[in-house]
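Chain by chain, the residues run as shown.
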Amino acid sequence: MSRSPRGVRPAAALAFVLLLLGVATGCGSSSSTATGAGAGSPSGSASGAAPSAFPVTLVNKFGSTTVSAAPKRIVTVGLTDQDAVLALGQVPVGTTEWLGGYKGAIGPWATDKLGGATPPTVLTDPGTGPQVEKIAALHPDLILALYAGLTKDQYQNLSKIAPVVAAPKGYNDYGIPWQQQTELIGQALGKADQAKQLVAGVTADFTAAAKAHPEFARATAVMATPYQGIFVYGSQDARSRVLTSLGFKLPANLDKVIGDQFGNNISEERTDLLDADAIVWIVGNPAKDEATLHANKLYGDLNVVKQGREVFVKDSSDFGNAVSFVSVLSLPYTLDRLVPQLAEAVDGNPATPVVAPTD
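Residues numbered from 1 in each chain as written. Predicted model: local features only at pLDDT ≥ 70, side-chain atom pairs only at ≥ 80, totals over all residues. Heavy atoms only, no water.

**Q** Help me understand the overall build of the protein chain in this model?
**A** Helices and strands together make up the secondary structure of the protein chain, namely 13 helices and 13 strands. A buried classification covers 53% of the 359 residues belonging to the protein chain. The long-range share in the protein chain, meaning contacts at least 24 apart out of those at least 6 apart in sequence, stands at 71%. As displayed, the protein chain has an accessible area near 14,400 Å², and 53% of this comes from carbon and sulfur atoms. (Helix = DSSP H or I, 4+ residues; strand = E, 2+ residues; numbered from the N terminus. Buried < 20%, exposed > 50% of the residue type's maximum accessible area, 1.4 Å probe, protein only. Contact = heavy atoms within 4.5 Å. Areas by Shrake-Rupley, 256 points an atom, 1.4 Å probe, with all protein chains shown as cover.)

**Q** What is the right way to look at helix 7 (residues 238-245) in this model?
**A** Counting along an α-helix, one turn takes 3.6 residues, and residues three or four places apart therefore face a common direction. Of all eight residues in helix 7, six are buried; the element is thus mostly enclosed. Of the surrounding elements, those touching the buried residues of helix 7 are helix 6 (192-212), strand 9 (221-225), strand 10 (231-233), strand 12 (278-283), helix 12 (318-325) and helix 13 (330-345).

**Q** Can you walk me through the environment of Ser 324 in this structure?
**A** Along the polypeptide, Ser 324 turns up in helix 12. Taking the C-alpha atoms as reference, Ser 324 lies 7.7 Å from Ala 238; in sequence the two are 86 residues apart. Here Ser 324 is in contact with Trp 98, Arg 239 and Ile 282, once residues within four sequence places are set aside. At 2.9 Å, the side chain of Ser 324 and the side chain of Arg 239 are in polar contact. (Polar contact = N/O pair within 3.5 Å; in protein donor to acceptor, adjacent residues only side chain to side chain.)

**Q** Can you walk me through the side chain of Thr 65 in this structure?
**A** Structurally, Thr 65 can be placed in strand 3 (residues 63-67). A polar atom in the side chain of Thr 65 sits 2.7 Å from the side chain of Tyr 155.

**Q** What exactly am I supposed to notice about the pattern of salt bridges here?
**A** Between side chains of opposite charge, a pair can form as their charged atoms come close. Inspection of every chain in the model, using the stated rule, returns four salt bridges. For Arg 239, the salt bridge is made with Asp 237, and the minimal N-O distance between the two is 2.8 Å. A residue is classified by how much of its surface remains accessible, and Asp 237, at 0% relative accessible area, is buried. Among the ionic pairs, Asp 301 bridges to Lys 297, the shortest N-O distance being 3.2 Å. Since its relative accessible area comes to 57%, Lys 297 is described here as exposed. (Salt bridge = Lys/Arg side-chain N within 4 Å of Asp/Glu carboxyl O.)

**Q** What is the right way to look at the nonpolar core in this model?
**A** Side chains of a nonpolar character, in soluble globular proteins, are inclined to be buried together. Ranked by internal contacts, the top residues of the largest apolar core, which has 71 residues, are Trp 109, Leu 246, Phe 248 and Leu 342. With eight residues, the single largest contributor to this core is helix 13. Sequence-distant contacts of Trp 109, that is, excluding residues within four places in its chain, are made with Asp 83, Leu 99, Tyr 102, Asp 318, Asn 321, Ala 322, Phe 325, Ser 327, Leu 329, Ser 330 and Tyr 333. Core analysis: the next-biggest nonpolar cluster, separate from the first, contains 20 residues, Val 232, Ile 258, Leu 274 and Tyr 299 among them. (Core = buried A, V, L, I, M, F, W, Y, C linked by side-chain atoms within 4.5 Å.)

**Q** Would you explain the packing of aromatic side chains in this entry?
**A** Remark: the centre distance and the inter-plane angle together describe each pair of aromatic rings, the angle taken between the planes. One pass over the structure, following the stated rule, counts twelve aromatic pairs. Note on Phe 231 and Tyr 233: the rings are 5.4 Å apart at their centroids and 65° apart in plane angle, and the pair reads as edge-to-face. Summarising the burial analysis for this pair, Phe 231 and Tyr 233 share the class buried. Among the aromatic residues, those joined into a ring-pair cluster are Trp 98, Tyr 102, Trp 109, Tyr 147, Tyr 174, Phe 325 and Tyr 333. (Phe/Tyr/Trp six-rings, centres within 6.5 Å; stacked < 30°, edge-to-face > 60°.)

**Q** Just checking my understanding: could you explain unusual backbone geometry for this structure?
**A** Negative phi values dominate among residues other than glycine, just as trans dominates among peptide bonds. Omega for the bond connecting Phe 54 with Pro 55 falls within 30 degrees of zero, at 0°, which places this linkage in the cis form. Position of Pro 55 relative to the elements: it lies in the loop between strand 1 (32-33) and strand 2 (56-60). Unusually for a residue other than glycine, Gln 228 sits at a positive phi of about 50°. Take Gln 228: it is sitting in the loop between strand 9 and strand 10. Phi at Asn 253 is positive, roughly 70°, even though this residue is not glycine. Within the secondary structure layout, Asn 253 lies in the loop between helix 7 and helix 8 (254-258).

**Q** Explain the pairing of strand 9 to me, please; I cannot follow it from the model alone.
**A** On any regular strand, side chains alternate: one points to one face of the sheet, the next to the other face. Of all five residues in strand 9, five are buried, a share of seventy percent or more. Side chains Ala 221, Met 223 and Thr 225 project from strand 9 onto one buried face, and the interleaved Val 222 and Ala 224 project onto a second face that is buried too. Counted between consecutive antiparallel strands, the loop separating strand 9 from strand 10 contains five residues, among which Gln 228 sits at a positive phi close to 50°. (Pairing = 2+ DSSP bridges.)

**Q** Before we go on, may I ask you to explain the packing of helix 12 against helix 13 in this structure?
**A** Where helix 12 meets helix 13, the closest approach of the two axes is 9 Å, and the angle between their N-to-C directions is 110°. Compared by their axis directions, helix 12 and helix 13 come out roughly perpendicular. Crossing handedness for the pair helix 12 and helix 13: left-handed. Residues Asp 318, Phe 319, Ala 322, Val 323 and Phe 325 of helix 12 form the contact with helix 13, whose own contacting residues are Ser 330, Tyr 333, Thr 334, Arg 337, Leu 338 and Gln 341. Its residues placed into classes, the contact of helix 12 with helix 13 shows six nonpolar, three polar and two charged. (Axes fitted to C-alpha atoms, helices over the stretch in contact; angles between N-to-C directions. Parallel < 35°, antiparallel > 145°, perpendicular 65-115°, else oblique. Left-handed = near helix turned anticlockwise from the far one by under 90°. Nonpolar A, V, L, I, M, F, W, Y, C, P; charged D, E, K, R; others polar.)

**Q** Explain the packing of helix 6 against helix 13 here, please?
**A** Helix-helix packing is characterised by the crossing angle of the two axes and by the distance between the axes. For the pair helix 6 and helix 13, interaxial distance at closest approach is 10 Å and the crossing angle is 10°. Classified by the angle between their axes, helix 6 and helix 13 sit roughly parallel to one another. Each of Val 202, Asp 205, Phe 206 and Ala 209 in helix 6 lies in contact with helix 13, whose residues at this interface are Leu 331, Pro 332, Leu 335 and Val 339.

This is the structure in structure tokens:
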């Protein structure tokens, strides 16, 4: 059985349960201006920051935050925010656990960016939000909460500790694209130009993959997981954006069916949404879950199954974790492994096996 749609993520799992129960959380607007004070020795330096970059004010869905000076002690509440920090040459003093199993919550695609630095202290979200007291004990001068699901109250509480960079308006919780995430973090660190260069580099990887596989632009694709039935990711989810960035189109009416969320469970009557030219399944046990899915005739009789257009990704593998992480550092790792599988799925030959990569 696969993990929850966002992996081992307590806060998001709770939010998902509340979503299913129909509980809506409203977000107001507020303004926070902080001075960036902190204490202690950083585990990463602020070298490379442009002196003229500060103060910088960043607008978010709760108001705005001002970062007065180059931050040296960064805590990431956003579950993938650490990768942009690392890519920009700094090491957070604290990260927030999501996937589990990685020292400092740093995936294998990013560990070389640590250099000889001490790995970050790993915080957890017990389902009630960020651990405010433990965050305060790390004496941060910047808190990043972009790939996150902060409430207004949580934002305000964290803002009493240090400037908080939260997601801008227009995105669902955990819905900010990796490009905006990277560039906003770059602005907060005084490294806006470097962040743009990083985004351009990964964008070039997508462009090259799409050019090498023009068949992707003529195909539809979807990502799903067998969580409490069938859970499908919508257009606002980072995983779906990987597919569309490669040229694929998502199934028609997908967002209309799942609602204004990153994804949702679909009824058995809407398994037609899964009959795409390729489907990527994020599963706990590829062999077992494939057999279980195929035993359901509503799914097993679809052409996507009969014509061998399925990609199964083990969610707890490094590859599976990278597929869900979708950051400026994890994406090249993902593309190297996922693109060949997608090409095998849509080559028009049902006999072509979709080969799992070696982690």
